[in-house]
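Geometric and topological summary
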Amino acid sequence: MQTKRMTFSGKWLPYALLAPQVIITLIFFIWPSFQALRQSVYRQGDAFGIRPDTFVWFDNFKALFADPLYLNSLKVTFVFSVGTTLLSMSVALLFAVMVNRMIRSRDSYTTFLVWPYAIAPAIAGVLWWFIFNPSIGIMPYMLDMVGYDWNHRRDGNDAMIMVIIASAWRQISYNFLFFLAGLQSIPHSLIEAAAIDGASRFKRFWTIVFPLLSPITFFLLVINIVYAMFDTFGVIHATTEGGPAQATNILVYKVYRDGFVNLNFGSSAAQSVVLMGIVIVLTVIQFRYIERRVNY
Amino acid sequence: MATITMDNLCKVYTGGVQAVTGVNLDIADGEMIVLVGPSGCGKSTLLRMVAGLETITDGTLKIGERVVNALEPAERDIAMVFQNYALYPHMTVFNNLAYGLKNRGFKKAEIDRRVREAAQMLEIGQFLDRKPRQLSGGQRQRVAMGRALVREPAAFLFDEPLSNLDAKLRVQMRVEIRQLQRRLGTTSLYVTHDQLEAMTMADRLVVLNGGVIEQVGTPMDLYSHPETTFVAGFIGSPAMNMLPADFLRAKVAAEELAHLPAKADLIGIRPEDFSTAPPGEGDLVLSGQLLLLEPAGAESHLHMRFEGFDKNVVVRLSHVPAAEEGQDLTFSVRRAALHPFDLESGQRVA
């Protein structure tokens, strides 16, 4: 591979150019990570310094995995991220296949379908909060007409469905773009050859198109799980705040609740260390896969 | 095994582009028909209409006794070899060959037998477990052929199958495809823009221009008796020289052109019809200046300039003449070698 080498005249210039990125990384990523690691093995003292922080080894972690609320949060997170990923990816794939079939209107549909991605998660949350609001929302009103009593403030399942829809909505745009690009990179003659080979439309999709999309599908799978687990704080905060009765209290939201609302910093730090571990595992899977990214 | 009958086939794309106009063609059982023409002449469109990949705007298409206008590609009992081979990249060679049979519900043992038979015929038996990306261009081409073979279809359709190969391999595959087609006796429709490929492979050649058939015939028919100036210019390399009749009349004795009809205002002379031998009875005699001599081994091309005609005339000799550039040379042309055309209509007049 050809690389372009840049030569700087002074010694300080390259460092100065790198500095902003390095400083941001240090202040907002590395330092807090070490803080969390440190705090996770301490028991927080009081605010007046009467009782100092005490070193408690892994007590915070032990307490965590014995806590039914935390185990519930793990389960909720699992359901939530699987639901969000499946919903956003399947709908995105459906849209991509449909848009890919269009000829003249393809560009305008693409533009419209990408718009939701530009909306901040918290705003999206508020939007869905209005749509699903049991008193004034349009969805409960329509569901009531078919005999379903929607109330996500009371019913944990309703709440889960709402946050999954609200979180997936935005991610559909992102997935859609990747799927569309993937579909467009499949040579048309392959589909034609399969048609001559007697494969029905449905069969062509599952035996030719879908396998050829698999590298993209896997990439999006990891990206979407990471999104669902870590980037959906805003959606949860703007809609259910983890309720009702912990039904939507995903791990990231619980870190915030336990740390900044309930001021249990030791537990909160231990939880973020667990999350860090999950991210590392997902990243390793991702990179290992990307190294041999072509599966055919 | 089947005949293919095209009756007044037309294709108009949405947006009004007329790609194919009124094509009538009867392809006999087992015949190899080559569609040839410049890019954009509609040859690929016509092939794709036969395959069912393009809808037919007007006219009737029959494969065997069936009208197939409205049938899906899979129902037409044809197999197609694509220019880029269109192999399924995620499947092994075996599965590439077997895909069409599996979709048609063949028994496992039958699939296995047919695939191995085709693989053996094409000498790709040792690659059956490989993926297409592990094969060379020539091997991929064979797999693409194999995929068509295993189905034992009524007709093969080839869409410029050799244009992605290098020159040497192309000649080799050309011969192999031709031999295979003869052996199997499967009706074939072959599209190419390479006139040498077209000449050597075809039982009959169809020259298309602007979506219209210019001429149909055996390669030698088209070569020795082109019906239009387009065919005259397209078939044969170097191309036929087109000389205005007025220019010739001023150059040679009147009786030497007397046999041509009055409408013949454009005379075609193939480069190889110029001869350095002494003129016989009634031959035309032309002299001009040698501008450029191109020796090409077995033959040589002489670019001549005749006084009174402002274009180069190409002469092909089967030897390299002992002549200097700038020298004057005299050639004789037999009367029978003249191809008279009407300039306005582009049609042959005698």
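Right, let's walk through the structure included here. For clarity, every value in this text was computed on a predicted model and none was experimentally measured.

Rules behind the numbers
Residues numbered from 1 in each chain as written. Chains lettered and ligands numbered in written order. Predicted model: local features only at pLDDT ≥ 70, side-chain atom pairs only at ≥ 80, totals over all residues. Heavy atoms only, no water. Phe/Tyr/Trp six-rings, centres within 6.5 Å; stacked < 30°, edge-to-face > 60°. Helix = DSSP H or I, 4+ residues; strand = E, 2+ residues; numbered from the N terminus. Buried < 20%, exposed > 50% of the residue type's maximum accessible area, 1.4 Å probe, protein only. Contact = heavy atoms within 4.5 Å. Salt bridge = Lys/Arg side-chain N within 4 Å of Asp/Glu carboxyl O. Nonpolar A, V, L, I, M, F, W, Y, C, P; charged D, E, K, R; others polar. Axes fitted to C-alpha atoms, helices over the stretch in contact; angles between N-to-C directions.

Residue and element names in this part refer to chain A. The final tally for this structure, using the stated rule, is 24 aromatic pairs over all chains. Each ring, one from W128 and one from W169, has its centre 5.8 Å from the other, and the planes form 75°; the classification is edge-to-face. One end of the pair, W128, is in helix α5 (residues 121-132); the other, W169, is in helix α7 (residues 156-184), and 41 residues separate them in sequence. A relative accessible area of 13% means that W128 is categorised as buried. Residue W169 is classed as partly exposed on the basis of its relative accessible area of 22%.

Bringing the interface of chain B and chain A into the picture now. Counting residues at the interface gives 24 residues for chain B and 19 residues for chain A. Inspection of the chain B/chain A interface yields 2 salt bridges. Of the charged contacts, one joins B:R48 and A:E192 as a salt bridge, the two residues approaching to 2.6 Å between their closest N and O atoms. When residues of the side of chain B that touches chain A are traced back to their parent elements, those giving at least two are α1 (43-51), β6 (78-81) and α2 (93-103) of chain B. Class assignment of the residues belonging to the side of chain B that touches chain A gives a composition of 14 nonpolar, 4 polar and 6 charged.

Quick look at the packing of α5(A) against helix α6 (residues 138-145) of chain A now. Residues and elements named next belong to chain A. Where α5 meets α6, the closest approach of the two axes is 4 Å, and the angle between their N-to-C directions is 35°. Side by side, α5 and α6 meet where F130, I131 and F132 of the first sit next to I138, M139 and P140 of the second. Looking at side-chain class alone, the contact of α5 with α6 contains 6 nonpolar, no polar and no charged residues.

Most peptide bonds take the trans form, and the phi angle of most residues other than glycine is negative. All names here are of chain B. Across the junction of S237 and P238, the peptide omega takes the value 0°, indicating a cis bond. Counting through the fold element by element, P238 comes out in the loop between α8 (229-234) and β11 (241-244). In this model, N8 sits at a positive phi of 55°, which is unusual for a non-glycine residue. Tracing the backbone through its elements, the reader meets N8 in strand β1 (residues 4-12). Phi is positive for E123, which is not a glycine, with a value near 55°. Position of E123 among the secondary structure elements: in the loop between α3 (108-121) and α4 (137-150).

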